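These are the residues of each chain, in order.
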Protein chains: 2
Amino acid sequence: MQDPYGNLISSLAIANDRRIVLLVMDGLGDCDNDGKGTALRLARKPNLDRLAAENATGLIVPVGTGITPGSGPGHLGLFGYDPTVYEVGRGVLSALGVEFPLEDRDVAARLNFCTLDRQGKVADRRAGRIGDDENRRVLEKIRAQLKKPAGVEVFFQTEAEHRAVLVLRGEKLDDHVGDTDPQATGVAPLDPARPPHDASRTAQIVKGIFEQVRRILADEPRANMILGRGFAKHPDWPRFADRYKLNPAAVAGYPMYRGVARLLKIPVVAQPTTAADVCAEAAKAMKEHTFVFAHFKYTDKAGEDGDLAGKIRRIEEMDAAIPALLAAKPDVLILTGDHSTPPSLKAHSWHSVPVLMKAPYLRGGDGRDWDEVNCRFGQIGTIPAKELLPLAMAHAGKLEKFGA
Amino acid sequence: MQDPYGNLISSLAIANDRRIVLLVMDGLGDCDNDGKGTALRLARKPNLDRLAAENATGLIVPVGTGITPGSGPGHLGLFGYDPTVYEVGRGVLSALGVEFPLEDRDVAARLNFCTLDRQGKVADRRAGRIGDDENRRVLEKIRAQLKKPAGVEVFFQTEAEHRAVLVLRGEKLDDHVGDTDPQATGVAPLDPARPPHDASRTAQIVKGIFEQVRRILADEPRANMILGRGFAKHPDWPRFADRYKLNPAAVAGYPMYRGVARLLKIPVVAQPTTAADVCAEAAKAMKEHTFVFAHFKYTDKAGEDGDLAGKIRRIEEMDAAIPALLAAKPDVLILTGDHSTPPSLKAHSWHSVPVLMKAPYLRGGDGRDWDEVNCRFGQIGTIPAKELLPLAMAHAGKLEKFGA
């Protein structure tokens, strides 16, 4: 892997008993929401503001200037894995998101139910956004009628609405399989075994399965076909525990984030969702683990819903919860997000993300409230997200000197 | 070498008569020392503060976020050689540190005297920290009794206490030699010719020498064996003078820093130690040289000793000495450090390092005293250390335009 900085950090890592807690407030960063201000600036958060004034602040760039990260890359950066080097296939992320117990030999793909017209062209890429129940019913029909290819197990799993996951399990499967989703209407689904994928046995197997599915669903009014994309295998990456000589734990209430943790073999020890529970479980996990990744989802949810007031409220909930985590005395505590989710955009964005780090050996406190503007002047500066965990490790005495 | 920025700078370099002085106050950077403040902030330094207010300030990152540099990497960065690309072996640095006249065909290693128990296991990796006299006596015993391998000269040199240097000189020697230091007690020294080093003739020669040494020292009460690590050859790097079209000189009172200068073929013209002498000698060297590297050690020493008051005093000594250097009118004068050495850590650290650059063509003066907090807001910004010398060269008119 072309990741010289990450490899260097890994080569310098040493174990000690000090505790690092990475508390991710999903989608924390913001723009000014058409002049109203960022949620972090508008929130009444006396505990977080005091923490910022007495400690270090800064900004992280999740992937690169102008790049909007998905949840996978956003979190990989926070874990110190360069997201442009450690790319996870869409299929693997989808499988992790539904907590499918993916094995190294599996090939996974993201599926959309779609509606084909009489000419076999895609009329609706989301099959009229069918509900979860219809999704489950149609998948059951496929499962009942599909003839399994020799030596290959086939799993279909509902994600939500028109979204599902396909997993093939067998020996010597590969992920040289073309997307069948044409990403457009009025054209036919693509052949998964088209060049340059025509030499792949797996692509031929997928082709056979999709042809069967088309026959099985022919009389469905809406979901009469599937489109597949992001065929991918579980990557063989350095385990987080080995890379950093940390004993990690994940505290995360949502499947996607547990999935990203599992990708790095970080065990999930609790599944809280509220700010109070996230902080309480993170504090508990600190007893046995030298690194705790704690994930809080609701800031992102409010952002995606375009709900600025809601995002502010979620930050205020975290402000009220944080003393319980501080009471457990982490040696280094990082509060940040995996990306920005401005309510005025109702989506992930490319904006840098505010950071607050409580740690020993700082250059005094930054002396200001915690928000996107003040963070520009903080002692951490503006750094790539992948450098944040190494910085925390340095403050925790977990990195040896480089060279003599 | 994968160093595109450095190679580009080199390709743009042109010679002129302007003088650049790089004054390194070793270990200058600091953290807040448990709330007391940084040494630079606490020091009374009217000359340096005025210089900062009227000129440019900023911060440099020696190697990378969170990475604590040794003296070698710290200085290579200041000389514009990316320290993650230009890695110096431990043995070479040790040999340079004792001013051994290393040749390109030599292989050098750092040695520790150790104490082996009756089972041949390491009982003390530092042989009870024997003194320099015992070190010299035991090395003399080895020299007197060792049978030299055919065609190879063997040099042993005292460094200090339990530390020494081994140099092998001969044709076609390589550095594919394993460390024999197991970095632990209760285990036997390692075989230098173990895989993947078993094909190396040099590793076999080292093995034979170490077996002889064990017999020669068998009756010693404390230093009854040596441990070797960091076997390395003098690297074949671009000479500083060629890379930048500068006529360089080094003014450095301590062996390690003269050694780093020699690594880049920068001649050492004076060996002062006090602030006054460093500034006086640097001013003198400017007459004949377009680039002067001047090294002041005592700021680092005070930091390593945990002596905040001492570190402050050393900075104040430099403040008093600096007018003599300014009187020689360097076109560009850089004051900075090779890394941070906070007294509260008593060791090198990962913190960024304050910079002060007096030069023509600035964007006015930064208007503030010189310290770690103010430097965050300086016009240089926070940049990798390796970019500082190119910036100075630009201000000195020593870099051509890139492209038409």
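Everything that follows concerns the structure shown earlier in this document.
About the thresholds
- Residues numbered from 1 in each chain as written.
- Chains lettered and ligands numbered in written order.
- Predicted model: local features only at pLDDT ≥ 70, side-chain atom pairs only at ≥ 80, totals over all residues.
- Heavy atoms only, no water.
- Helix = DSSP H or I, 4+ residues; strand = E, 2+ residues; numbered from the N terminus.
- Rg over C-alpha atoms; globule rule 2.2 N^0.38 Å.
- Contact = heavy atoms within 4.5 Å.
- Areas by Shrake-Rupley, 256 points an atom, 1.4 Å probe, with all protein chains shown as cover.
- Buried area = accessible area lost by both parts, 1.4 Å probe.
- Salt bridge = Lys/Arg side-chain N within 4 Å of Asp/Glu carboxyl O.
- Polar contact = N/O pair within 3.5 Å; in protein donor to acceptor, adjacent residues only side chain to side chain.
- Nonpolar A, V, L, I, M, F, W, Y, C, P; charged D, E, K, R; others polar.
- Phe/Tyr/Trp six-rings, centres within 6.5 Å; stacked < 30°, edge-to-face > 60°.
- Buried < 20%, exposed > 50% of the residue type's maximum accessible area, 1.4 Å probe, protein only.
- Least-squares fit on C-alpha atoms with pLDDT ≥ 70 in both.
- 1 Å grid on protein atoms, 1.4 Å probe; cavity = no way out; pocket = protein on both sides within 12 Å on 5 of 7 lines; lining within 4 Å.
- Points joined across faces, edges and corners; volume = space filled by probe spheres on them.
- Pairing = 2+ DSSP bridges.
- Axes fitted to C-alpha atoms, helices over the stretch in contact; angles between N-to-C directions.
- Right-handed = clockwise from strand over helix to strand, strands pointing away.
- Arc of directions from axis to C-beta.

A. Local environment of the overall build of chain A. When its secondary structure is counted, chain A shows 14 helices and 13 strands. In terms of C-alpha radius of gyration, chain A reaches 23 Å, essentially the compact-globule figure of 22 Å for 404 residues. Across its three principal axes, chain A shows a C-alpha extent of roughly 70 × 50 × 35 Å. The contacts in chain A between residues at least 6 apart in sequence include a share of 75% that link residues at least 24 apart. Entry remark: accessible area of chain A is about 15800 Å², with carbon and sulfur atoms responsible for 48%.

B. The interface of chain A and chain B, seen in detail. Counting from both sides, the interface comprises 24 residues of chain A and, opposite them, 32 residues of chain B. Summing both sides of the interface, chain A and chain B together bury roughly 2000 Å²; the carbon and sulfur share of this comes to 63%. On the chain A side of the contact with chain B, A:Arg363, A:Phe402 and A:Ala404 bury the most area, a combined 42% of that side's loss. The tally of links between chain A and chain B comes to 1 salt bridge. B:Arg376 is the salt-bridge partner of A:Asp366, the closest N and O atoms lying 3.5 Å from each other. Viewed at the interface, chain B and chain A are joined by 11 residue pairs in polar contact (both at pLDDT 80 or more). Looking at the side of chain A that touches chain B, the elements with two or more residues in it are α1 (4-12) and α14 (388-395) of chain A. Of the residues belonging to the side of chain A that touches chain B, the class tally is 14 nonpolar, 5 polar and 5 charged.

C. Here's a closer look at the packing of aromatic side chains. All names here are of chain A. For the structure shown, the criterion picks out 20 aromatic pairs over all chains. On the basis of an interplanar angle of 85 degrees and a centroid distance of 5.2 Å, the ring pair of Tyr86 and Trp237 is categorised as edge-to-face. Taken as a pair, Tyr86 in the loop between α4 (71-78) and α5 (90-97) and Trp237 in the loop between β7 (225-233) and α8 (240-244) lie far apart in primary sequence, 151 residues in all. The exposure class of Trp237 is buried, given its relative accessible area of 10%.

D. Spatial organisation of the relation of the copies chain A and chain B. Screw-axis analysis of chain A against chain B gives a translation of 0.2 Å along the axis, an RMSD of 0.2 Å, and a rotation angle of 122 degrees. Both copies of the chain, as the preceding transformation shows, are related through a three-fold rotation axis. Among all residues of chain A, the minimum C-alpha distance to the rotation axis is found for A:Phe377, at 4.4 Å.

E. Molecular detail of the layout of surface pockets. Put simply, the second largest pocket is a space of about 1200 Å³. Around the second largest pocket sit 48 residues that line it, and A:Glu387, B:Val61, B:Val63, B:Gly64 and B:Thr65 are the ones nearest its centre. Across the lining of the second largest pocket, the residue classes tally to 24 nonpolar, 15 polar and 9 charged.

F. Seen up close, the sheet that holds strand β12 (residues 353-358) of chain A. Residues and elements named next belong to chain A. Spatially, β9-β8-β10-β1-β11-β12-β2-β13 is the arrangement adopted by the 8 strands of the open sheet, whose pairing is mixed. Pairing within the sheet leaves two strands with one partner each, and these edge strands are β9 (268-270) and β13 (381-384). Going from strand to strand, the sheet's axes swing by 25 degrees on average, the running direction of each strand aside. Here 3 bridges tie strand β11 (residues 332-336) to β12, and the two strands are oriented antiparallel to one another. Across the sheet, the residue bridging to Ile334 is Met357, located in β12. Along the sheet face, helix α10 (residues 275-285) touches β1 (20-25), β8 (248-252), β9 and β10 (291-296) and points at about 170 degrees away from the line of β10.

G. The pairing of β8(A), seen in detail. Residue and element names in this part refer to chain A. Taken across its 5 residues, β8 has 5 buried, putting it largely inside the fold. Sheet analysis places β8 next to β10, joined by 5 bridges and oriented parallel. Residue pairing in the sheet places Val251 in a bridge with Ala294 of β10. Of the pairings in the sheet, the one linking β8 to β9 comprises 2 bridges and is parallel in character. Bridge pairing links Ala250 to Val268 in β9. As a crossover connection, the stretch from β8 through helix α9 (residues 255-263) into β9 is right-handed.

H. Unusual backbone geometry, seen in detail. Cis geometry marks the peptide bond from A:Pro195 to A:Pro196; its omega dihedral reads 5 degrees. With respect to the helices and strands, A:Pro196 occurs in the loop between β6 (163-169) and α7 (201-216). Backbone geometry places B:Gln183, a non-glycine residue, at a positive phi of 60 degrees. Positionally, B:Gln183 belongs in the loop between β6 (163-169) and α7 (201-216).

I. The sheet that holds strand β2 (residues 56-61) of chain B, seen in detail. All names here are of chain B. The strand order across the open sheet formed by 8 strands is β9-β8-β10-β1-β11-β12-β2-β13, and the pairing between neighbours is mixed. A single partner strand is all that each edge strand has here, and the edge strands are β9 (268-270) and β13 (381-384). The mean inter-strand angle of the sheet, taken between neighbouring strand axes irrespective of direction, is 25 degrees. Strands in contact with helix α10 (residues 275-285) are β1 (20-25), β8 (248-252), β9 and β10 (291-296); relative to β10, the strand with the most contacts, it is inclined by about 170 degrees.

J. Structural detail: the side chain of B:Asp181. Residues and elements named next belong to chain B. Mapped onto the elements of the fold, Asp181 is located in the loop between β6 and α7. For Asp181, a relative accessible area of 4% translates into the label buried. Within the structure, Asp181 has its side chain in polar contact with the side chain of Arg125 (distance 2.9 Å). Separated by 2.8 Å, the side chain of Asp181 and the backbone nitrogen of Gln183 make a polar contact.

K. Layout of the side chain of B:His289. All names here are of chain B. Within the secondary structure layout, His289 lies in the loop between α10 and β10. With relative accessibility at 13%, the residue His289 sits in the buried group. Among the polar contacts listed, one links the side chain of His289 to the backbone oxygen of Pro248, at a separation of 3.2 Å. Apart from the residues within four sequence positions on either side, His289 is in contact with Arg19, Asn247, Pro248, Ala249 and Val269.

L. Helix α3 (residues 46-54) of chain B, seen in detail. Residue and element names in this part refer to chain B. Among all positions of α3, only Leu48, Asp49, Leu51 and Ala52 are buried. Projection of α3 onto a plane perpendicular to its axis shows the buried side chains occupying an angular sector of 160 degrees, all on one side. In this fold, the buried residues of α3 make contact with β2, α12 (308-326), β11 (332-336) and β12 (353-358).

M. Inspection of the pattern of salt bridges at higher detail. One pass over the structure, following the stated rule, counts 55 salt bridges over all chains. Among the salt bridges present, the one from A:Glu99 reaches A:Arg258, with a minimum N-O distance of 2.0 Å. In this pair, A:Glu99 is assigned in the loop between α5 and β3 (107-116) and A:Arg258 in helix α9, connecting sequence segments 159 residues apart. A residue is classified by how much of its surface remains accessible, and A:Glu99, at 29% relative accessible area, is partly exposed. Exposure remark for A:Arg258: the relative accessible area of 5% places this residue in the buried category. The residue B:Glu317 makes a salt bridge to B:Arg314 at a minimum N-O spacing of 3.0 Å. Of this pair, B:Glu317 and B:Arg314 both sit in helix α12, 3 residues apart, which is roughly one turn of the helix. B:Glu317 sits in the partly exposed class, given a relative accessible area of 29%. By relative accessible area, B:Arg314 is classed as partly exposed at 24%. Residues joined in a network through salt bridges with shared partners are A:Glu103, A:Arg105, A:Asp106, A:Arg169 and A:Glu171.

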